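# Structural characterization, general
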Amino acid sequence: MTGRIDVHQHSVPPFYRDLLARTGIAEAGGRALPDWSTGAALELMDLLGITTALLSVSTPGTGFLTDPSEAAALARRLNDHGATLTAEHPGRFGHFATLPMPDLAASAEEARRALDELGADGVTLLANNQGTYLGADGQDPLWRTLDERGAVVFVHPAELPAPAVEHIPPFAADFLLDTTRATYLLVRSGIVRTYPHIRFILSHAGGFVPYASHRMAVAIAAGTGRSPLDVLDDFRSFYFDTALSSSPAALPTLLAFARPERVLFGSDWPFAPAVAGQYFASGLDTCLDQATVKAVNHANAAALFPRLAATPTPAPVRPLPYRLRQSAQRAAARLLFRLVQPGTE
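Residues numbered from 1 in each chain as written. Predicted model: local features only at pLDDT ≥ 70, side-chain atom pairs only at ≥ 80, totals over all residues. Heavy atoms only, no water.

### Here's the deal with the pairing of strand 5 (residues 93-98)
Judged by how many residues are buried, strand 5 sits mostly within the fold: six of six residues are covered. Relative to strand 5, strand 4 (residues 50-56) runs parallel, the two being bridged by three bridges. When the sheet's bridge partners are listed, Leu54 is paired in strand 5 with Gly94. Summarising the sheet, strand 5 and strand 6 (residues 122-126) pair through three bridges and their orientation is parallel. Note on strand 6: the bridge partner recorded for Phe96 is Gly122. As for the winding sense of the linkage, the β-α-β connection from strand 5 through helix 4 (residues 104-116) to strand 6 is right-handed. (Buried < 20%, exposed > 50% of the residue type's maximum accessible area, 1.4 Å probe, protein only. Helix = DSSP H or I, 4+ residues; strand = E, 2+ residues; numbered from the N terminus. Pairing = 2+ DSSP bridges. Right-handed = clockwise from strand over helix to strand, strands pointing away.)

And the structure:
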């Protein structure tokens with residue numbers, strides 16, 4: 001399958017990686033910081049049939065810096081880098097801007113600059129920033145700025161504000177809870193209704209949101225007096241990406257809950273290695289009908305980001321040995337996907 005628009009792909013610029021290393025950070029979410037380069041990203045995109053990738057900076061974002069001015073400066077540098085990549089590779093890359101949360105004033109200012117001046121495709125917000133979750137009280141200045149621009153907000157998990165459990169890397173389970181917590185608060189606090197022009201994308205199929213949506217809706221209804229149906233409608237207002245989530249177990253729940261036009265392709269590369277990206281891409285190709293595959297891979301994201309549909313990007317022509325090697329890798333990934341599915345009795 002070609003023509004995919006990947007809304008969940010990360011960049012790790014060398015200057016950012018070096019800064020993390022100098023502050024003693026060698027991993028994110030329990031995984032070692034991966035190598036990243038533009039060339040490697042484009043090769044991965046060829047392998048997975050991705051035409052355009054919207055790049056974002058993963059956790060910890062700028063939150064590891066204690067000086068707010070340093071965090072704001074790093075966010076500006078990261079966003080300038082994203083804008084440069086987008087300009088140098090038109091049609092292949094876009095970017096979600098990094099905001100120096102939890103500084104709300106600086107984040108609103110950088111959102112204005114990134115969206116109005118740099119042409120960012122949206123902004124990235126971590127589910128929690130130094131323990132403060134999206135949807136907490138006092139965040140209205142940022143939401144107003146984003147709502148006025150009809151911004152896309154890519155919600156990405158961070159490490160929980162609690163000690164990790166031994167032998168459970170945060171990316172494996174905690175990340176899903178982190179996204180779920182933020183989504184719950186965004187709904188309970190009324191943010192999604194007060195600021196209806198913001199389009200939120202939830203990473204990793206929304207964490208536990210599709211699976212636990214009715215349970216959470218009953219809890220919110222009991223605490224607020226709202227109708228559970230209205231609460232469920234708010235949960236369904238989100239977009240959901242498929243990063244690490246397009247398995248035969250997760251996809252049916254996601255597709256049963258999410259609005260059909262709000263499911264988007266995501267790879268999570270390079271934090272998810274190429275083999276994981278191939279595995280879950282094979283899940284999409286194997287488990288869905290062709291109309292749904294086309295919508296998830298391209299049409300839904302093209303509707304959300306009209307500039308991507310307005311300027312189609314021709315597929316690059318690669319040397320024959322390169323294409324044969326990648327074709328063999330894709331075939332092996334599809335075979336692996338079929339082999340590891342649990343049997344039925």
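Now that the structure is up, let's keep going.
### As for the pairing of strand 9 (residues 152-156)
For strand 9, the buried fraction is high: five of the five residues fall into the buried class. Here strand 9 shows a buried face lined by Val152, Phe154 and His156 and a second buried face lined by Val153 and Val155. The pairing of strand 6 with strand 9 spans four bridges and is parallel. In the sheet register, Leu125 faces strand 9, and the bridge partner there is Val155. Alignment of strand 9 against strand 10 (residues 199-202), held across four bridges, turns out to be parallel. In the strand pairing of strand 10, Val152 is matched with Arg199.

### A closer look at unusual backbone geometry
A cis amide bond links Thr59 to the next residue, Pro60, at an omega of 15°. With respect to the secondary-structure elements, Pro60 resides in the loop between strand 4 and helix 3 (68-88). Residue Pro270 follows Trp269 across a cis peptide bond; omega there is 5°. Counting through the fold element by element, Pro270 comes out in the loop between strand 12 (263-264) and helix 11 (274-287). The phi dihedral of Leu244 falls on the positive side, at around 60°, and the residue is not glycine.

### Looking at the environment of Glu117
As for its placement among the helices and strands, Glu117 is situated in the loop between helix 4 and strand 6. Residue Glu117 is classed as exposed on the basis of its relative accessible area of 64%. Residues Glu117 and Ala83 lie 34 residues apart in sequence; the distance between their C-alpha atoms is 9.8 Å.

### Comments concerning helix 8 (residues 209-224)
Taking 1.5 Å of rise per residue, 16 residues should cover 22 Å, yet helix 8 covers just 19 Å from first to last C-alpha, more than 12% shy of that figure. Helix geometry: helix 8 is bent most strongly at Arg215, by close to 40°. Of the residues making up helix 8, those classed as buried are Val209, Pro210, Ala212, Ser213, Met216, Ala217, Ile220 and Ala221. On its buried face, helix 8 is in contact with helix 6 (174-188), helix 9 (228-235), strand 11 (239-241) and helix 10 (250-257). In the stretch just after helix 8, Gly225 is the one whose phi turns positive, near 80°. (Expected span 1.5 Å × (residues − 1). Bend = angle between axes of the 7 residues up to and from the residue. Contact = heavy atoms within 4.5 Å.)

### A word on the pattern of salt bridges
Going through the model one piece at a time under the given rule, you end up with twelve salt bridges. For Arg113, the salt bridge goes to Glu110, with nearest N and O atoms at 2.9 Å. One end of the pair, Arg113, and the other, Glu110, are both in helix 4, three residues apart, so they sit about a helical turn from each other. Given the relative accessible area of 18%, Arg113 is considered buried. (Salt bridge = Lys/Arg side-chain N within 4 Å of Asp/Glu carboxyl O.)

Scope: geometric values only; no functional claims are made or implied.
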